[in-house]
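The chain contents come next:
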Amino acid sequence: MAAATRRVFHLQPCENSSMSQCGYVEDAGYLKCDMDDASETHEESLGEEAFDTINSSIVSGESIRFFVNINLEVQPTQADESELPGGCGLLHTSRKYLNLKNFEEEIRAHRDLDGFLARASIILNEPATSLDDVLRAMLLRLVHDPNNTEPNCNLDLLMAMLFTDAGAPKEGKVHLLSDTIQGVTATVTGVQYQQSWLCIICTSKSLLKRHVCISRLVRPQNWGENSCEVRFVILVLAPPKMKSTKTATEVGRTFATMFLDITFRQKLLKTRTEEEFKEALVHQRQLLTVVSQGPTPSLQTYSISSICVQRPQQPLQHKDFFPVGKGIREDIARRLPVYSLDFTDGIIGKNNAVGKYITTTLFLYFACLLPTIAFGSLNDENTDGAIVIRGICDDYHLDFNTFYAWTGLWNSFFLALYALFNLSLIMSLFKRSTEEIIALFISITFMLDAVKGMVKIFQKYYYGNLGNYNTDRTSLVSLLGLGTSLNTSFHTALNTSLLASPPELASVSSRSTEHPSRETAVLSLLIMLGTLWLSYTLYQFKKSPYLHPYMREILSDCALPISVLTFSLICSYGFREIKMSKFRYNPSESLFKMAEMHSLSLGAIGSAMGLGFLLSMLFFIEQNLVAALTNAPENRLVKGTAYHWDLLLIAIINTGLSLFGMPWIHAAYPHSPLHVRALALVEERVENGHIYETIVNVKETRLTTLGASILVGFSLLLLPVPLQWIPKPVLYGLFLYIALTSIDANQLFERVALLLKDQASYPPTHYIRRVPQRKIHYFTGLQVLQLLLLCAFGMSPLPYMKMIFPLIMIAMIPIRYKLLPRIIEAKYLDAMDAEH
């Protein structure tokens, strides 16, 4: 049947003022808007013959764009209708915004250009008018270039991969470019494209390295919508297995950023040789580098004083620490207006989060209670059933409760001085890299505690080594909290009453009558690993496709209590005939017996002052370090910080605890950051094929910590049963779980892992973009050396080395500011220390 054909002509006048201004400007003041590049070349093209293609357009300063759209109107018949589906196809279109390349910070911008200049493929005055002919000429130039040899390159295959019809059925082929980058700007009337240049990118397995070719056309060409006046074509080819900063998109982003400036494009139009063309590229790079040094507006702005550590732009001066109490007053003024919201957010209003609060409270309760029992158990083994400084008191015939109280009072006194004189400002000198070294050290101590506990069980039950387990009575080490771990959970007051040591390890006489059982050792190892496996599997369950998202979130938040209860029941009821190592409970000592403060001599009080000072330095660093990690910008906390006020509260609370011989408290790592993450709304996002998690918002509340503290207090009623049913291997599995989850977002650990990864698997992080790979590995190696230094002092069997551990932590400040800049450039150090 005959088909009626109708041609529809659309005339669209070009808007000189609005339509021509289509450049995107991002903190680059010199960049001009795109004012129709064709107008600049109008004088050059006058007198030349008109374009003879149906897609061409007559271009001038006041141009009219001439589109031809051919519609075939076919009268449907029964036979035709059956044939219609065979000629139809589906076309998937995806658009994504790309940030401009920062030539000051992103090192790949310069390296991409240097690589292009070294083996430049530049075509000046290309006479071809069709897009296919232009691209084929560019590919031929690349293929025949001796510097760009590709033995397996198939010209026809590469040509086909540039368009959407590659691999499409013959009946439904649509000949459009597959992947392009263009300059755009958003206006009130919509999105406007820069039409004088086009960047085409392609990835092919047949390529061995990256290639870039730039073609300058003799006359502007009309190649369809959004490409009506093309004068420059940039072709970028790359193999698929490339580092995230070396992909075709990244290389295309480099050149697209340069071509975004109309002044630069007009300069390229005037070049006559390839050398002049290269000089223009180098000059443009210099301009972009200078402009990038200016202030860069952030896409998302947050109040710096409310979400991160106070990091002054200028060096600290003496006047910053005065007047006395200034920091405390500012903290109270910042936090007091939102104090009531800490109790009502998530309870009153639309965004109800009661379920989230309940699961977080349970997580925090188990995360505080069980490490307390475990650390009490290890302290009991190391100190003959007594906590902290009993060894010193026995050696010098001092009253333990009194000496402990004086040490705690001096500790609180120095902490109060630190708060009043605003010394928390010193923490601004701790860079992110230093904080992560200390955080990773704490995670390592958790793992070592679990390993040491399991080794002792194997020595007793598997190898029959019944030697003396009460090695070095380093009570001074226990005072500093370093006997078994730097970060013992100080949140509870149970260590005094929970003298955690198994009955089988209590005395030498009991050891002599017991026979080692290998089943106990093997089962202990399986229980520890099982606790770790179940808890971490449930923690990651929110990423799985099973169950409803709400149920996945609940299981993930309750991973710790579920795993502890599960394997405690398995161990207690499933293997009753196998004897397991459990902690013991000593209820003989009173919790509220006040120390006799007058029973010590002045010399003993002076000794307690020295110990209290060292302890206060440790408390000061860890309290502020944990607060800084908790209030990191990526956590999206918005209610403000209170570093000085928190430190004063710690001093006041520890004063009362010292008088009654109870353990001291301060912010604990990794409990505090994990607490924030438990209250956060976390989303998974994809960037350049890499999946990463980001926190959208956090429910900032005091109810979860208050509820967890109340539950810990009521746990005294659960002694000795049922808490004694929890075997030690479960507690060691808990240690491993806490250590493993705490290193998830540790940048130092991520950079150590880069040493084992293929470069194509590197994530597109800020330091990967801004710092040379070799410098990254140098910096990582230096951080590892500092970590080993901390471990040497913090885990040394010599008590006097552990005494100076706080000084080693403070010594990391001059190492970062004085030593490292002599090895690695300061700009690279600052890039790796950047928050994001």
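Our subject is the structure listed above.
Residues numbered from 1 in each chain as written. Predicted model: local features only at pLDDT ≥ 70, side-chain atom pairs only at ≥ 80, totals over all residues. Heavy atoms only, no water.

1. Comments concerning the overall build of the protein chain
Alright, step 1. On a plain count of helices and strands, the protein chain comes out with 32 helices and eleven strands.
Alright, step 2. Within the protein chain, the proportion of its 836 residues that are buried is 50%.
Alright, step 3. Considering only residue pairs separated by 6 or more positions, the protein chain has 79% of its internal contacts joining residues 24 or more positions apart.
Alright, step 4. When the accessible surface of the protein chain is split by element, carbon and sulfur atoms take 60% of a total near 39,800 Å². (Helix = DSSP H or I, 4+ residues; strand = E, 2+ residues; numbered from the N terminus. Buried < 20%, exposed > 50% of the residue type's maximum accessible area, 1.4 Å probe, protein only. Contact = heavy atoms within 4.5 Å. Areas by Shrake-Rupley, 256 points an atom, 1.4 Å probe, with all protein chains shown as cover.)

2. Digging into the sheet that holds strand E8 (residues 211-221)
Alright, step 1. If you walk across this open sheet you meet the five strands as E3-E8-E9-E7-E4, and the pairing is mixed. On the outer flanks of this sheet lie strand E3 (122-126) and strand E4 (180-181), each paired with one strand and no other.
Alright, step 2. Bridge count for E3 against E8 is three bridges, and the pairing is parallel. Residue pairing in the sheet places glutamate 126 in a bridge with leucine 217 of E8.
Alright, step 3. Contacts between helix H7 (residues 248-259) and the sheet are confined to E4, strand E7 (197-203), E8 and strand E9 (230-238), with E7 contributing the most and set at about 170° to the helix. (Pairing = 2+ DSSP bridges. Axes fitted to C-alpha atoms, helices over the stretch in contact; angles between N-to-C directions.)

3. Quick look at the nonpolar core
Alright, step 1. Formed by 105 residues in total, the largest nonpolar core has its most connected members in Leu370, Leu415, Ile438, Leu560 and Leu790.
Alright, step 2. Sequence-distant contacts of isoleucine 438, that is, excluding residues within four places in its chain, are made with Phe430, Leu625, Leu790, Met809 and Met812.
Alright, step 3. Of all hydrophobic cores here, the second largest spans 32 residues; its members include Leu100, Ile122, Trp197 and Leu288. (Core = buried A, V, L, I, M, F, W, Y, C linked by side-chain atoms within 4.5 Å.)

4. Digging into the pattern of salt bridges
Alright, step 1. A complete count under the given rule lists 27 salt bridges for this structure.
Alright, step 2. With its nearest N and O atoms 3.1 Å apart, the salt bridge here joins glutamate 250 to lysine 101. Taken as a pair, glutamate 250 in helix H7 and lysine 101 in the loop between helix H3 (78-83) and helix H4 (107-118) lie far apart in primary sequence, 149 residues in all.
Alright, step 3. Owing to a relative accessible area of 4%, lysine 101 belongs among the buried residues under this scheme.
Alright, step 4. Between arginine 253 and glutamate 250 there is a salt bridge, with the nearest N and O atoms lying 2.9 Å from each other. (Salt bridge = Lys/Arg side-chain N within 4 Å of Asp/Glu carboxyl O.)

5. Some thoughts on the environment of isoleucine 804
Alright, step 1. Following the sequence through the fold, isoleucine 804 ends up in the loop between helix H30 (799-803) and helix H31 (805-819).
Alright, step 2. Isoleucine 804 sits 186 residues away from leucine 618 along the chain, and the two C-alpha atoms are 9.9 Å apart.

6. A short note on the pairing of strand E6 (residues 190-193)
Regular strands place their side chains on alternate faces of the sheet.
Alright, step 1. Here four bridges tie strand E5 (residues 184-187) to E6, and the two strands are oriented antiparallel to one another. Its bridge partner being in E6, threonine 185 is matched across the sheet by glutamine 192.
Alright, step 2. The antiparallel hairpin formed by E5 and E6 contains two residues in its connecting segment.

7. With respect to the packing of aromatic side chains
Alright, step 1. Here the structure, examined in full by the defined rule, presents 21 aromatic pairs.
Alright, step 2. The interplanar angle of 35° and the centroid separation of 6.0 Å between the aromatic rings of phenylalanine 400 and tyrosine 404 together place this pair among those described as tilted. Of this pair, phenylalanine 400 and tyrosine 404 both sit in helix H15 (residues 400-420), four residues apart, which is roughly one turn of that helix. Here phenylalanine 400 and tyrosine 404 have matching classes, each one buried.
Alright, step 3. Grouped by ring-pair contacts, the aromatic residues Trp197, Phe232, Phe259 and Phe264 constitute a single cluster.
Alright, step 4. The cationic tip of lysine 542 hangs over the ring face of tyrosine 539; the distance from NZ or CZ to the ring centre is 5.2 Å. (Phe/Tyr/Trp six-rings, centres within 6.5 Å; stacked < 30°, edge-to-face > 60°. Lys NZ or Arg CZ within 6 Å of the ring centre and 35° of its normal.)

8. Some remarks on the side chain of threonine 704
Alright, step 1. Residue placement: threonine 704 occurs in helix H25 (residues 703-714).
Alright, step 2. Here threonine 704 falls in the buried class, since its relative accessible area comes to 0%.
Alright, step 3. Excluding anything up to four places from it in sequence, threonine 704 contacts Tyr357, Thr360, Thr361, Leu364, His675 and Leu679.

9. A closer look at the pairing of E9
Alright, step 1. The buried count for E9 comes to nine of nine residues, which makes it a mostly enclosed element.
Alright, step 2. Here seven bridges tie E7 to E9, and the two strands are oriented parallel to one another. What sits directly across from cysteine 202, in E9, is leucine 237.
Alright, step 3. Pairing analysis gives seven bridges linking E8 to E9, with the strands arranged antiparallel. Note that in E9 the partner of histidine 211 across the bridge is leucine 237.

10. Comments concerning unusual backbone geometry
Alright, step 1. Cis geometry is adopted by the peptide bond preceding proline 670, which originates at tyrosine 669 and carries an omega value of 5°.
Alright, step 2. A positive phi is found at asparagine 422, a non-glycine position, where the angle reads about 60°.
Alright, step 3. A positive phi angle is found at leucine 547, which is not glycine, with a value near 65°.
Alright, step 4. Within the secondary structure layout, leucine 547 lies in the loop between helix H19 (518-539) and helix H20 (549-557).
Alright, step 5. According to the relative accessible area criterion, leucine 547 is exposed, its value standing at 52%.

All quantities given are derived from atomic positions and should not be read as evidence of function.
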